[in-house]
Amino acid sequence: MNPRPTPPLPAGTDRNLLTDRPELYELRFPDPESTAARWAEAMLRAHGAGPEVLDLGCGTGRDAGWLHRVAGRTVTGLDSSAAMIAHARSRHPGPVYHVGDMRDFALPGRFDAVLCLDSALLYCHTNEDLDALFGRLRHHLRPGGLLVAEMRNGAFFLGRTELLDVPRLDSVTHDGVTLTSRTVLWIDHAAQLLRRTRSWAGDDGAPPVEQHSAWRLLFPQELRHLLAHHGFTVLALHDRPGPRTEPPWTDGGPPAPTPDSAPAPDSAPTPGTSDTPGTADGDRMHLVARFEPPARKGS
């Protein structure tokens, strides 16, 4: 039972310091080798995706820009943060960027693939949010189009507490000011959310800032059921390797496991094999699914 009540969000804490300051985000979470974008491109190539890609929750545009510039794809990026989109347009040009909500957006045309990286999908907190998102995906994906997603894995927290309730301190220096964050994660069991409280303090004497956010915790079989309900067939669902695992995914590594290579959902795990392709035991979950709408009657 969760002993901690869900706190109301204090006034002014619904925003995120890293979202409001995208250049700080890229300093705090560097990706100098474009590992996330290279992983996404490898998944797109491996499953034969066409060139037109929608990056949902594109953030600073770092991945979208690489896919446009290096992989030669036609990329559209969408994010709810106007500051992130402004940064993307100026620092990672090439893609077409839009400000919008992934639960309620309407873009012209259809896409060959949709990316949803860095747990962006998990900002849909309720079942209604998730249904709305997948409704938007059905509308914007061509038949046979791909969904490629990377996110936290709800199954990791079944019996594990090492990431919970223990403050984590991180520092980053920007414009001569060193900012130190204190982050605490905890689980809101009733809402099935991983909640985060993060406070920032700078060495410039400015008052500290406290922020609250959360991710929906989705479990592998729950995600499979949700995808099937919305007309998607899972092609790969596994914990590692991926762009944010240890060790991270690398070019030329083992291919993403397929459902045929994955162990049966009710099979007992083999001790010491949490990083075996096809398992879903780690703290990240990686997904490739194909949109296969039902054939129309009479066709």
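Before reading further, recall that the structure is shown in the block above.
Residue indices follow the written sequence of each chain, beginning from 1 at its first position. Where totals are concerned, whole chains, interfaces and linings use all residues; where local detail is concerned, this predicted model gives features only for residues with pLDDT of at least 70, and gives and counts side-chain atom pairs only at 80 or more. To obtain the side-chain values, all non-hydrogen atoms of the structure were used and water was disregarded.

S.K.: Just give me the short version of the overall build of the chain, but keep the residues and values in it.
M.R.: Helix and strand labels come from DSSP, where a helix needs a run of H or I of at least four residues and a strand needs a run of E of at least two; each type is numbered from the N terminus. Helix and strand counts for the chain stand at 7 helices and 11 strands. Per-residue burial over the chain gives 48% buried out of 299 residues. The long-range share in the chain, meaning contacts at least 24 apart out of those at least 6 apart in sequence, stands at 68%. Accessible surface computed for the chain: about 14,700 Å², of which carbon and sulfur atoms make up 53%. Buried, partly exposed and exposed residues are distinguished by accessible area as a fraction of the type maximum, computed with a 1.4 Å probe on protein chains only: under 20%, between the cut-offs, and over 50%, respectively. Residue contacts are counted whenever heavy atoms from the two residues lie within 4.5 Å of one another. Per-residue accessibility takes into account occlusion by the displayed protein chains alone, with areas from the Shrake-Rupley method and a 1.4 Å probe.

S.K.: Account for the sheet that holds strand β8 (residues 193-202), naming residues and giving values.
M.R.: Read from one edge of the open sheet, 4 strands run β6-β7-β8-β9, paired in antiparallel fashion. Two strands bound the open sheet, and with one partner strand each, they are β6 (168-174) and β9 (209-216). Each strand axis lies, on average, 25 degrees off the axis of its neighbour in the sheet, ignoring direction. Pairing of strand β7 (residues 177-188) with β8 involves 10 bridges; the strand directions are antiparallel. The residue bridging Thr183 from the neighbouring strand is Arg198, located in β8. We treat two strands as partners when DSSP finds at least two bridges between them. An axis is simply a line fitted to the C-alpha atoms; with a helix, the fit covers only the stretch in contact. Between two such axes, the angle follows the N-to-C directions and lies from 0 to 180 degrees.

S.K.: Quick rundown of the sheet that holds strand β11 (residues 284-291)? Include the residues and the values.
M.R.: Taken in spatial order, the 7 strands of this open sheet run β3-β2-β1-β4-β5-β11-β10, and their pairing is mixed. The open sheet has two edge strands with one neighbour each: β3 (96-99) and β10 (232-238). For this sheet, the mean inter-axis angle between neighbouring strands, taken without regard to orientation, is 15 degrees. Relative to strand β5 (residues 141-152), strand β4 (residues 111-116) runs parallel, the two being bridged by 5 bridges. Directly across from Val114, in β5, lies its bridge partner Leu147. Those strands touched by helix α3 (residues 35-46) are β1 (52-56), β4, β5 and β11, and its axis lies near 145 degrees from that of β5.

S.K.: Residue-level account of the pattern of salt bridges, with values.
M.R.: We count a salt bridge whenever a side-chain nitrogen from Lys or Arg sits within 4 Å of a carboxyl oxygen from Asp or Glu. All told, the structure shown has 16 salt bridges when counted by the stated rule. As a salt-bridge pair, Asp170 and Arg28 come within 3.0 Å of each other at their nearest N and O atoms. One end of the pair, Asp170, is in strand β6; the other, Arg28, is in helix α2 (residues 22-28), and 142 residues separate them in sequence. The pair Asp170 / Arg28 is uniform in exposure class, with both members buried. A salt bridge links Arg244 to Asp118, with the nearest nitrogen and oxygen atoms 3.4 Å apart. Here Arg244 is found in the loop between β10 and β11, whereas its partner Asp118 is found in the loop between β4 and α6 (127-140), with 126 residues between them in sequence.

S.K.: For the nonpolar core, give the residues involved together with the corresponding values.
M.R.: Of all hydrophobic cores here, the largest spans 40 residues; its most connected members are Leu56, Leu147, Leu227, Phe232 and Leu287. Mapped onto this core, the elements with two or more residues apiece are β1, β4, α6, β5, β7, α7 (220-229), β10 and β11. In this structure, Leu147 is in contact with Val114, Cys116, Phe134, Leu137, Leu227, Phe232, Leu287, Val288 and Ala289, ignoring residues within four places of it in sequence. The definition of a nonpolar core used throughout is a set of buried Ala, Val, Leu, Ile, Met, Phe, Trp, Tyr and Cys residues joined through side-chain atoms within 4.5 Å. Grouped together as the second largest cluster of nonpolar side chains are 25 residues, Leu44, Val53, Cys58 and Leu117 included.

S.K.: Got a sec to walk through α3? Specific residues and values, please.
M.R.: Given 3.6 residues per helical turn, the α-helix brings residues three or four places apart onto the same face. Here, expected helix span is obtained from the residue count minus one, scaled by 1.5 Å. In this model, α3 (12 residues) spans 16 Å end to end at C-alpha, consistent with the 16 Å of a helix rising 1.5 Å per residue. Among the 12 residues in α3, 10 count as buried, and that is most of the element. Every buried residue of α3 is accounted for by Thr35, Ala36, Ala37, Arg38, Trp39, Ala40, Glu41, Ala42, Met43 and Leu44. Considering only its buried residues, α3 is in contact with β1, α4 (62-69), β4, β5 and β11. Once α3 finishes, Gly48 follows within two positions and takes phi at roughly 70 degrees, a positive value.

S.K.: Break down the side chain of Arg196 for me, citing the residues and quoting the values.
M.R.: Looking at the secondary structure, you find Arg196 in strand β8. As a buried residue without a salt bridge, Arg196 has its nearest oppositely charged side chain in Asp118, at a separation of 8.2 Å. Discounting residues that sit within four places of it in the chain, Arg196 has contacts with Asn16, Thr183, Val184, Leu185, Gln211, His212, Ser213 and Trp215. Charge assignment: positive for Lys and Arg, negative for Asp and Glu; neither His nor the chain ends contribute.

S.K.: So, unusual backbone geometry: which residues are in play, and what are the values?
M.R.: Residue Pro241 is reached from Arg240 by a cis peptide bond, and omega for that bond is 5 degrees. The residue after Glu246, namely Pro247, is reached through a cis peptide bond having omega -5 degrees. If you trace the backbone, Pro247 turns up in the loop between β10 and β11. The backbone of Asp175 sits at a positive phi, close to 55 degrees, despite the residue not being glycine. Along the chain, the position of Asp175 falls in the loop between β6 and β7.

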